[in-house]
Amino acid sequence: MKNINPTSTDAWNVLTEHFKDVKNLNLREAFSQNSNRAEELTLTEGDFLVDLSKNLITKETQQKLIDLAKECELDAAIHSYFNGEKINATENRAVLHTALRTQDTSSKVGEKVTAALASKEKMFAFVDAVNDGKITAANGQKFDTIVNIGIGGSDLGPVMIYEALQAYKNEMTLHFVSNVEGDHVEEVIKKINPETTLFVIVSKSFGTQETLTNSTTIRNWFSKKVNDHAIAQHFIAVSSNVQRAVDFGIDQENIFPMFDWVGGRFSLWSTVGMSVALGIGTQNFQDLLEGAHEMDEHFKNTTFEKNIPVQLGLLTIWYNNFYKAQSEAVIPYTQYLHRLPAYLQQAIMESNGKSVDRNGNPVNYETGNIVWGEPGTNSQHAFFQLIHQGTKLIPAHFIAFAKAKYHHPDHHNKLMANFFAQTEALMNGKNQDEVIKDLQSSGKSEEEINKLAPFKVFTGNKPTTTILIDELTPRSLGKLVAMYEHKIFVEGVIWNIYSYDQWGVELGKILADRILNDIENSESDAHDASTTQLLQKFYSINN
Ligand code: F6P
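Residues numbered from 1 in each chain as written. Predicted model: local features only at pLDDT ≥ 70, side-chain atom pairs only at ≥ 80, totals over all residues. Heavy atoms only, no water.

Comments concerning the pattern of salt bridges
(1) Moving on: Counting across every chain of the model gives 24 salt bridges.
(2) Moving on: When the shortest N-O distance is used, the salt bridge between E434 and R28 registers 3.3 Å. Note that E434 is positioned in helix 18 (residues 432-441) and R28 in helix 2 (residues 27-33), a separation of 406 residues in sequence.
(3) Moving on: Relative accessible area serves as the criterion here: at 29%, E434 is assigned to the partly exposed category.
(4) Moving on: With relative accessibility at 31%, the residue R28 sits in the partly exposed group.
(5) Moving on: Connected via shared salt-bridge partners are E45, D47, E290, E294, R475 and K479. (Salt bridge = Lys/Arg side-chain N within 4 Å of Asp/Glu carboxyl O. Helix = DSSP H or I, 4+ residues; strand = E, 2+ residues; numbered from the N terminus. Buried < 20%, exposed > 50% of the residue type's maximum accessible area, 1.4 Å probe, protein only.)

Now the structure itself:
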């Protein structure tokens, strides 16, 4: 991919000037001045409607951002991405999660697609055999519980999808163990019957401290509760390091390989989805892949003007680099997506939290945005106060599904009323006159009104993007997640950074190992005074 400093492009200079003109854009006025604004700034793709019109942009802004994308050669970058070029240059790898969800073996990455299809076939055969009771526990009973042991991309994606698709789950019960906290392991194992549980160890590297520690503890517990001989039937692994999984004691037959051209945080579509596939069945898993593929096709083939991930990525650049917004909120109006923000935190922040450009030089502009959120309406009763009346600009994505899974029209209408009301309220706010009128009609005295009015004013003009999808299904969920994956890609291209490595996390792993050595020997001297005193407090409680 080209190395282009975005701030040195003509388009960036144009945008800087344009920003001066539009930074005080008033959304209420923009709507009253242009009756076509909603239509002009809305994108659709099948069951997806993405309304950008409540953002601090004009059609002109959109065009200038597209010019930036063009000058940063986004087109060529998309081509490199889908064609398997080694765009993860610091690890010398291609980035081909898209090859996991296509059937097309005739493209440039046909060999990879063929390998992915074979791997999926093996996984699906295993999943069907377990779910049909053909592969059983050591005592001949049907497995009824799955424990997924993994962390980061080997956990967050599968948990998020499984939680999102609760309405599609079969009779299998799934648990996820991720944290290297003995208490977390304990809380899970006390809920399960080892005799009918299948443990899925997921680790691309098979070298992650948390996953190996948890797997060892669980394996030892299992040996005691059942016996050593049953381990081969009850423990399977998903890894690209087959040898390490074999050394751990997993039967070679029960190791499901991962590819080095799929990054951990983009791997839920691969064998990393094993637990999810066991929990929702292979047909639903296939639908998830097909939904993601639909978004891949849209992203690859749609002009920038109508391209959902491109437009969402460019909006992030606009807020992050011109408005200097520090963060973005993602608010799904469904409890099913309660793990989406956590999943996106890894996908977005591990990818674009970089401060060195593709030339190896420190960047002279802001990169990776902070993402956070919680489902609505709960979040309305938690942090919305700050979005409405705080000092920070927080562009927010509001996601909802027009049709509910179960028939509770009273609930669904209320949920959706809140969904629509919030973006409207964030945009419109409430001015002084409106506040005073309200207070007058509630019978307040003039003195009370003067006292209270300033606190009840909402400035409004808070930008939101509304993503309204027909219904939450495996297919639409796959499409939604792929939409965010491509948005991340677009941002990384414009920011001229490598989105697919994570050296920052690697350093933390090494440092923790060093301190572990000190803890095991009750040493504290080799550290700064603060760390020394904290270690000593820890020893005093535990010894
Ligand atoms: O957190 C860093 C990271 O490397 C992630 O990118 C990855 O998803 C996670 O650790 C787990 O790694 P593994 O699958 O190799 O255990």
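Overview of the site of the ligand
(1) Moving on: Near the ligand you find 15 residues, and of these G153, S203, S205, T208 and E350 are the closest.
(2) Moving on: The backbone of K204 places a nitrogen or oxygen atom 2.8 Å from an oxygen atom of the ligand.
(3) Moving on: S205 places a side-chain nitrogen or oxygen 2.6 Å from an oxygen atom of the ligand.
(4) Moving on: Here the ligand, which alone exposes 390 Å², has 89% of that area covered by the protein.
(5) Moving on: Partitioning the shell around the ligand into residue classes produces two nonpolar, nine polar and four charged. (Near = heavy atom within 4 Å. Polar contact = N/O pair within 3.5 Å; in protein donor to acceptor, adjacent residues only side chain to side chain. Areas by Shrake-Rupley, 256 points an atom, 1.4 Å probe, with all protein chains shown as cover. Nonpolar A, V, L, I, M, F, W, Y, C, P; charged D, E, K, R; others polar.)

Focus: a nonpolar patch on the surface
(1) Moving on: Taken together, the side chains of L516, I519 and F538 make up a nonpolar region of the molecular surface, amounting to roughly 220 Å² of accessible area.
(2) Moving on: Relative to the elements of secondary structure, F538 occurs in helix 22 (residues 529-542).
(3) Moving on: With a relative accessible area of 39%, F538 lands in the partly exposed category. (Patch = residues over 30% accessible without salt bridge, like charges linked within 9 Å, V, L, I, M, F, W, Y side chains within 5 Å.)

Here's the deal with the domain arrangement of the chain
(1) Moving on: If you check the domain split of the chain, you get domain 1 (6-72 + 302-428 + 463-497), domain 2 (97-286), domain 3 (429-454) and domain 4 (506-542).
(2) Moving on: On a C-alpha basis, the centres of domain 3 and domain 4 stand 57 Å from each other. (Domains from an automatic or database assignment.)

Here we look at the nonpolar core
(1) Moving on: The biggest cluster of nonpolar side chains holds 117 residues, and the ones touching the most others in it are M274, W318, I399, L480 and F489.
(2) Moving on: Among the elements that make up this core, the one with the highest residue count is helix 20 (residues 474-495) (12 residues).
(3) Moving on: Shared between two domains, this core takes at least three residues from each, and those domains are domain 1 (6-72 + 302-428 + 463-497) and domain 2 (97-286).
(4) Moving on: In this structure, V177, F199, V226 and A237 belong to the second largest nonpolar core, which totals 22 residues. (Core = buried A, V, L, I, M, F, W, Y, C linked by side-chain atoms within 4.5 Å.)

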